[in-house]
Amino acid sequence: MINVALPKGRLGEKVYNMFAKSGYECPSILENNRKLIFENERTGVRFFWVKPSDVSIYVERGAADIGVCGKDILLEYEPDVYEMLDLNIGKCRMAVAGKKSFHDDNVSTLRVATKFANIARKYYASKCRDIDVIKLNGSIELAPILDLSDVIVDIVETGTTLKENDLEVVETIVPISARLIVNKASFKFKTKEIENIAKELKAQVESND
Amino acid sequence: MILESYLKNEERVLFNLRSLYSKYGYQPFKMSKFEEYDLYAKNKEFLVSDSVITFTDTHGKLLALKPDVTLSIIKNATEGKGVKNKVFYNENVYRISGSTSEYKEIMQAGLECIGDIDLYDMYEVVYLSAKSLESISKDYVLEISDMRILSAILETITGDDNFKNEAVDCIKKKSEHELLDCCKKYEATEQATKMLADLIKLYGTPDEVIKKLKKMNVSKELDLAVEELSKLCQLLKLTDEYANIRLDFSLASDMNYYNGIVLGGFINGICECVLFGGRYDKLLSKMGKRAGGVGFAIYTDLLNKLHKEAKEYDVDVLLLYKDTTGLDKVQKAVEWLVSQGKTVSAQRTIPEKLRYKELKEMED
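All figures in this text were calculated on a predicted structure; none of them were measured in a lab. (Residues numbered from 1 in each chain as written. Chains lettered and ligands numbered in written order. Predicted model: local features only at pLDDT ≥ 70, side-chain atom pairs only at ≥ 80, totals over all residues. Heavy atoms only, no water.)

Colleague: For this particular structure, what's the right way to read the overall build of chain A?
Modeller: Of the regular secondary structure elements, chain A holds eight helices and 11 strands. Over its C-alpha atoms, taken along the principal directions, chain A stretches across nearly 60 × 35 × 35 Å. Relative to its 209 residues, chain A shows a buried fraction of 48%. Long-range pairs, those at least 24 residues apart, make up 66% of the contacts in chain A between residues at least 6 apart in sequence. Surface accessibility of chain A: about 10,800 Å² in total, with carbon and sulfur atoms responsible for 48%. (Helix = DSSP H or I, 4+ residues; strand = E, 2+ residues; numbered from the N terminus. Buried < 20%, exposed > 50% of the residue type's maximum accessible area, 1.4 Å probe, protein only. Contact = heavy atoms within 4.5 Å. Areas by Shrake-Rupley, 256 points an atom, 1.4 Å probe, with all protein chains shown as cover.)

In structure tokens form, the structure reads like this:
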């Protein structure tokens, strides 16, 4: 049995559809109930929904053999897992954004508000820029408006929220998309099953390109 | 007499390992909990965790709680033609956990073979690493990689260290899509890109993988490394442990220290690598020793994650005696039950959380 951690939400539903299309369907997952785990003995998969930022924890610690999460989570938490496939869905970018009037004078310490403290630190360290990281857990866009920070580092999908708040992207850090991740020990003991799932999903990704 | 069922997994394994290593002539190595910090500061990249727990001694010298055993063994190793230091250890190491940033005491067991080592020594260490895993569980996988093979292939593409580091990171993650982006960024040729993409997918028994490696045929260095790995695998094929051995190049380590095979051991039921090791001549050379070195360590603290059948009872017999019961009678009753192979807890009242199979109440 392969345990699969799926991220709750729209991305997770898209990912489940990819699994189903590859022959790993589990119709009970579509039923409207409060069950947490969905299993199909015939196809040998067991799915469960978890908070997107927790997928990598479930996989790294072996509670799930495989899972799907955004590259942003992998860059932020750096879990010790295999990252076997770019599913090419859930595409967005990690970007620096600020008020339209923002200009980086490169003199004073840059105040950066973000949920992604590790990504922000590494990015600015690579540019030798001195920053003050302000770790927030939500409504990141508020920070530059209220002068809590100079810029934010956050995920930008369409840019609508930024525009509506008179903010704009200053620079893109890295493109983001959903990745298939695999627990290293599980790969050794369930090699064929995991390789088959990865192969089927890869075929779908390539046919969508 | 020690009843195996009363031992914790890690205790049982430590007994077995000590006996296994002694059989092959490895001598026990005991060291102090502290080392001079300087030893670790010079070889920081070799350590699993960057942070070392330090303190000053009564003379103002900066000491460290040892985060690693290999460096101390190397420091004490003797060199010379034909000289080999074969030692095993069972020590606690002190590290800062990556995920929680807390201090951790980790129990490690392992062995090192340092000196004028040859193919037989390499085989022996790999074989003993497989036997060590087997003593933990029959359901294990020992993976072997070879840094010379990885390095020879990367070298044919470019000598750029940035490329090598980025490519190795992708290989470690088995991330073909990122490897392709990396090759594109560094303008690797189509042929070289394909070769690296093939390498990332290579996983299987030594026979299967070596067959494919031999077809790569891109440089003399690669041919030589493949030939040596093939000879090592031929020796391993003479043992029953061969069935559990796989070659996997995602098992890569720091090229500044490791210059040959890298070992990784996995046990079904434990989600992390429980055994890690390899050939580290470059580390020895950095420490001024003209010798080769190969060894491995087992993280025995991870073994408590292995499922052990939960015991239904804490004791077989709860022996209840009264304030008025003669203590000589209690002593005799306890000894008699123990001699019958039972576990017994003598109490005056029934403990709240003790689970017992049988209750025996003593009269006055």
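Colleague: Which parts of the structure should I look at to understand the domain arrangement of chain B?
Modeller: Interface extent is often summarised as the accessible area lost during association of the parts. Domain boundaries assigned for chain B yield domain 1 (4-305) and domain 2 (315-361). Look at where the C-alpha atoms of domain 1 of chain B and domain 2 of chain B centre, and you get two points 51 Å apart. (Domains from an automatic or database assignment.)

Colleague: How should the packing of helix α5 (residues 147-157) of chain B against helix α10 (residues 220-236) of chain B be read in this particular structure?
Modeller: Relative orientation and spacing of two packed helices are given, respectively, by the angle between their axes and the distance between those axes. Residues and elements named next belong to chain B. The contact between α5 and α10 brings their axes to 9 Å, and the two run at 160°. In terms of orientation, α5 lies roughly antiparallel with respect to α10. Read as a crossing pair, α5 and α10 show a hand that is left-handed. Where α5 approaches α10, its residues Arg148, Ile149, Ala152 and Ile153 are matched on the opposing element by Glu221, Leu222, Ala225, Val226, Glu228 and Leu229. (Axes fitted to C-alpha atoms, helices over the stretch in contact; angles between N-to-C directions. Parallel < 35°, antiparallel > 145°, perpendicular 65-115°, else oblique. Left-handed = near helix turned anticlockwise from the far one by under 90°.)

Colleague: Quick question: what am I supposed to make of the side chain of B:Arg279 here?
Modeller: Residues and elements named next belong to chain B. Relative to the helices and strands, Arg279 resides in strand β11 (residues 275-279). The buried category is assigned to Arg279, whose relative accessible area is 17%. Among the polar contacts listed, one links the side chain of Arg279 to the side chain of Asp281, at a separation of 2.9 Å. (Polar contact = N/O pair within 3.5 Å; in protein donor to acceptor, adjacent residues only side chain to side chain.)

Colleague: Is there a simple way to think about the pattern of salt bridges in this case?
Modeller: Oppositely charged side chains can form a pair if their charged atoms are brought close together. Summed over all chains, the structure comprises 45 salt bridges over all chains. A salt bridge links B:Lys84 to B:Asp121; the shortest N-O distance between them is 3.1 Å. Placement of B:Lys84 in strand β5 (residues 84-96) and of B:Asp121 in helix α4 (residues 119-136) is noted, with a sequence separation of 37 residues between them. You can call B:Asp121 buried: its relative accessible area is 0%. Close ionic contact of B:Lys360 with B:Glu358 constitutes a salt bridge, the shortest N to O distance being 3.1 Å. Several salt bridges converge on common partners, so that one network encompasses A:Lys71, A:Glu83, A:Asp86, A:Arg179, B:Lys173 and B:Glu178. (Salt bridge = Lys/Arg side-chain N within 4 Å of Asp/Glu carboxyl O.)

Colleague: How do you make sense of the environment of B:Met147 when you look at a structure like this?
Modeller: All names here are of chain B. Relative to the helices and strands, Met147 is located in helix α5. When its relative accessible area of 2% is taken as the criterion, Met147 is described as buried. Beyond its immediate stretch of four places on either side in the chain, Met147 contacts Ala252, Ser253, Met255, Tyr258, Asn259, Gly260 and Val262.

Colleague: Even after reading the chapter, I still don't get the sheet that holds strand β10 (residues 167-176) of chain A, so can you show me in this structure?
Modeller: The strands that make up a sheet are held in pairs by hydrogen bonds between backbone atoms, and each pair lies either parallel or antiparallel. Residues and elements named next belong to chain A. Here five strands make up an open sheet; going across it, the order is β8-β7-β9-β6-β10 and the pairing mixed. The strands lining the two open edges of the sheet, one partner per strand, are β8 (131-135) and β10. Taken pair by pair, the neighbouring strands of this sheet meet at an average axis angle of 30°, ignoring direction. Direction of pairing for strand β7 (residues 110-114) relative to strand β9 (residues 151-156): parallel, over a ladder of three bridges. For Thr114, the partnering residue across the bridge sits in β9 and is Val153. Its contacts with the sheet put helix α4 (residues 117-126) on β6 (92-99), β7, β8, β9 and β10, and the angle it makes with β8 is roughly 170°. (Pairing = 2+ DSSP bridges.)

Colleague: I would appreciate a short explanation of helix α1 (residues 9-23) of chain B in the present structure.
Modeller: Because an α-helix completes one turn every 3.6 residues, residues spaced three or four positions apart along the sequence face the same direction. Residues and elements named next belong to chain B. Look at α1: 21 Å from first C-alpha to last across 15 residues, which is about the 21 Å you get at 1.5 Å a residue. Here α1 has its buried residues at Asn9, Glu10, Arg12, Val13, Leu14, Leu17, Leu20 and Tyr21. On the buried face of α1, the contacting elements are β5, β6 (103-115), α4 and β12 (292-299). (Expected span 1.5 Å × (residues − 1).)

Colleague: Would you take a moment to explain the state of the cysteines for this structure?
Modeller: A covalent bond between the sulfur atoms of two cysteines is what we call a disulfide. Residue and element names in this part refer to chain B. According to the stated counting rule, one finds zero disulfides over all chains in the structure shown. With no disulfide partner, Cys113 has as its closest neighbouring cysteine sulfur the one in Cys233, 18 Å distant. Between Cys233, a cysteine without a disulfide, and Cys273, which holds the nearest cysteine sulfur, the sulfur-to-sulfur distance is 18 Å. Note on Cys233: relative accessible area 3%, which makes it buried. (Disulfide = S-S within 2.5 Å.)

Colleague: How should I be thinking about the nonpolar core in this particular structure?
Modeller: The nonpolar side chains of a soluble globular protein tend to be buried, and buried together. Residue and element names in this part refer to chain B. Core analysis: the largest hydrophobic core is formed by 102 residues, its most contacted members being Leu196 and Leu199. It is α4 that contributes the most residues to this core, nine residues altogether. Leu196 has contacts with Ile153, Leu154, Ile157, Phe163, Ile171, Leu179 and Cys183, leaving out every residue within four places of it along the chain. (Core = buried A, V, L, I, M, F, W, Y, C linked by side-chain atoms within 4.5 Å.)

Colleague: Help me understand the sheet that holds strand β4 (residues 62-65) of chain B in this model?
Modeller: Residue and element names in this part refer to chain B. On the basis of which strands lie adjacent, the open sheet formed by three strands has the order β2-β4-β3 and antiparallel pairing. Each having just a single partner strand, β2 (34-36) and β3 (54-56) make up the two edges of the open sheet. Shown here is a sheet whose adjacent strand axes are inclined to one another by a mean of 40°, direction ignored. Summarising the sheet, β3 and β4 pair through three bridges and their orientation is antiparallel. When the bridges of β4 are listed, Thr56 appears paired with Leu62.

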